[in-house]
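The lines below spell out each chain.
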Amino acid sequence: MPDAAQGTSRRRFLAGALGTAGVAAAGAGFGAGFGTARATTDDGTPTPHPAAAEVPFYAVHQAGIDTAAQDRLAFAAFDVTSTDRDDLQVLLASWAAAAAQMTQGEHIGADDIDPTRPPLDTGEAVGLPASQLTITVGFGPSLFDDRFGFRDKRPKALEPLPQIPGDADLQEEISHGDLCVQACANDPVVAFHAIRNFARIARGTAVMRWSQLGFGRTSSTTHAQATPRNLMGFKDGTNNLKAEDTAEMAKFVWVGDEADQTWMRGGTYLVSRRIRMLIESWDTDDLDDQQAVFGRFKTSGAPLTGKAEFDTVDLGAKTADGKDVVDLNAHIRLAAPSQNDGIKLLRRGYSYTDGIDQRTGYLDAGLFFIAFCRNAHEQFVPVQSRLGQHDRLNEYIVHTSSGLFAVPRGLTGPGDYWGKDLFT
Amino acid sequence: MPARALPRPVLIAGVTGSLAALLTACSSSGGGASDPTGGSGTTAAADPRVANVTITAAGGCAPDKTSFPAGGITVKINNKDANAVSEVEILDGVRILGEKEGVVAGLNGEFAVTVDAGEYTLYCPGATPEKTTLTVTGEAAQGDEDIAALLKDGTTAYAAYVEDQTGYLVEATEKLNTALKGSDLKAAQDAYKVARPFYEKIEPVAESFTVGEENLDADIDARDGDVPAGEWRGFHKIEKGLFEDNSLTGLVPLGDELVTNVKKLQTLTTGLTYQPTELANGAQELLDEVANGKITGEEERYSHIDILDMNFNVEGAEQAFGQLVPALQKIDKTLADTVLARFTDLKTLIAKYKTDSDASGFKLYNELSDADKKDLAAAVKAVVEPLSKVASKVANA
């Protein structure tokens, strides 16, 4: 919220230039570039890049879902260690106040003028623009036990995910959690700063259970964005839902008035899956086979039955000798809405690497898959069950982490906070 | 003999007693977070002893009245929508008389102060305006115990505590040295475990004597690699001989030298006086010791008695903090309660590892799982975070 009266912008030197223009531009789907925020005009004054701008924090839905996918991700899951309901309430309200400031490029709290106490903001983002930072908070199924009296407030759709084919390698210690926080920005320092300060505010009330950094978006969530490639070198997600298609967003992403829990109206569900790619094996697979696995041409991104990326795939197409052009177990076929009763998801994943696997020396890298949907049990589970069982891609990937979180509505304004409806 | 069997100062009992009193008071005060639709109602507005403070982004920090009768005043806060504001204080000059933290946008909170006639400042850091002058008239019904006097009592008591502990340290180190000169390895190992806690309780005081090349803490407590190899001496070099080499060979000169150094520490600390902020910061440093050295098992890498160290770092921290509690209770009762409660949680967690199977009185650290260590680390940080706010509250008192 523009609040000239309080708070000092951590990018005071940009404030005048960015002000309203930045906010107006933010929602319009930039994000193709980053690192250009410090470009200067002829007279030496900095000119803001749209990728540096603010995304409005207060809105009907939380930002970071239908926001044009930013370039960087910092994600964390927390377990609440306090059993005091007041502590949880103070935590969520403190997070909301901090997020309202950070997403607008401000530091947390007032200016630190008291030298005898630690600064309220950790400071590493001072001088950096908002960088389209969005902070999206969700609640895991485990939050709705007896600790806080939320047992009767758990939506049916927040049943823990069932075991899905391909779940054999999931690691409990990097899966699930009471709370999740997704911070996306065009600057990795800005994204990390948000998660770090959330963890700091949480100390004594909640601890970080696991976290994941993502260094490059693998999804486009608006028509304006080009489809990026995953670490296998393919454009995956060409047919993703797009924010502009509001009817489809309402149908597949946003929880409506039918919600069994009113507090979930305007919300959605987040599914996270850390999908490690067996990169060394993939890199030795011949191009024909790689393309057969995905069902797309590697360079153009076109389906094997077409010429351009957005051509509709013809799953019935046969070769001259009568074989399927698109393999029966190709990723594109199994994931296609037409093969899944029309089901769609909003994918918003990021490439990750955590260095190498010390046991083998192989790269530990892949896709941190994030999807938003109205009901994961009706959308994610059936699609992933097919993929997990039949996808040719399974030879080259391992799912190592899984999470399901209820993402409540957006906040109405200062004084509102995540889960406020749960405390009344 | 486990070190914990040795006599303790009586102070802990005082801290525990006041904690019980605080918790009772807390449960009836209705403090903490509550629904913003409740809180400062119209009936309270009529009470001349209640300041209803509304915080908004547009209007700053506004009390419903600025004149009060002397005596107890309750400040009821409702932060409607000011994201940059999370605390409210009452100041007498620069001295904080009372404070409430965690009143972020959307939440309520309250605290109480006792004031005599005069001018005071209502201070809401980050609000615009952030300061309002409050005028108090008349005589307070009952004299309030002066915060400054309480703090002075606390620092004096802490000085006595440090002197006691250094006395025990000298005694136990001399016994260790005697054992090193004998031939019973097990007896020497046990004597090492008895001597360690006394140093761990007061380590920041020893660290304060680090000036330039002089480093008494390193002479007493350096680990292999902390200092150039030729300068390594003290407890941990003895530990390596006793627990890794399993031999008393060559340890006598080290024992003699250690006795000399702990006596030097005793001389330096005798008659020393402390500032309240030093107690707060010292408590924090002790817990940082736990978080950065003991949790990783790097401190007692040969004997694995890290939980023993941890236990007494925590005890030393609680002793230092405990001396500030009577004053802090008046300044920021919620914070005092929180820190005390989190100390209790941490001690409860550490107590899980008590056992008679080792002379240290605790499980050896290499028997703990990674999950156990993670729980300990989180419990330590849960104390440190609110504790880090204490120094500023007692700084100008």
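Model, not experiment: these values are computed from the prediction. (Residues numbered from 1 in each chain as written. Chains lettered and ligands numbered in written order. Predicted model: local features only at pLDDT ≥ 70, side-chain atom pairs only at ≥ 80, totals over all residues.)

K.L.:
Explain the interface of chain A and chain B to me, using residue names and the numbers behind them.
P.N.:
Chain A puts 30 residues into the contact, and the matching count from chain B is 34 residues. When residues of the side of chain A that touches chain B are assigned to their parent elements, the largest contribution, eight residues, is made by helix α2 (residues 85-102) of chain A. Of the residues contributing to the side of chain A that touches chain B, the split by class is eleven nonpolar, twelve polar and seven charged. (Contact = placed C-beta atoms within 7 Å. Helix = DSSP H or I, 4+ residues; strand = E, 2+ residues; numbered from the N terminus. Nonpolar A, V, L, I, M, F, W, Y, C, P; charged D, E, K, R; others polar.)

K.L.:
Residues and numbers for the packing of helix α11 (residues 333-351) of chain B against helix α12 (residues 370-387) of chain B, please.
P.N.:
Residues and elements named next belong to chain B. Running from N to C, α11 and α12 point in directions that differ by 160°, and their axes come no closer than 9 Å. With respect to α12, the element α11 is oriented roughly antiparallel. When the axes of α11 and α12 are compared, the crossing they make is left-handed. Judged by residue contacts, Leu335, Thr338, Val339, Arg342, Phe343, Asp345, Leu346 and Leu349 of α11 engage Asp375, Leu376, Ala379, Val380, Ala382, Val383, Pro386 and Leu387 from α12. Across the contact of α11 with α12, the residue classes tally to twelve nonpolar, one polar and three charged. (Axes fitted to C-alpha atoms, helices over the stretch in contact; angles between N-to-C directions. Parallel < 35°, antiparallel > 145°, perpendicular 65-115°, else oblique. Left-handed = near helix turned anticlockwise from the far one by under 90°.)

K.L.:
Describe in detail unusual backbone geometry, supporting the description with residues and values.
P.N.:
The peptide bond linking Thr128 of chain B to Pro129 of chain B adopts the cis configuration, its omega dihedral lying at 0°. As for its placement among the helices and strands, Pro129 of chain B is situated in the loop between β8 (118-123) and β9 (131-137). Even without being glycine, Ser131 of chain A reaches a positive phi, approximately 55°. Examined against the element boundaries, Ser131 of chain A turns out to sit in the loop between α2 and β2 (134-139). Look at Ser131 of chain A and you get buried, because 31 C-beta atoms sit within 10 Å. Located in the positive-phi region is His176 of chain A, a residue other than glycine, with phi close to 60°. By the element assignment, His176 of chain A lies in the loop between β2 and β3 (179-185). For His176 of chain A, a count of 23 C-beta atoms within 10 Å translates into the label buried. (Buried ≥ 20, exposed ≤ 12 C-beta atoms within 10 Å, placed from the backbone.)

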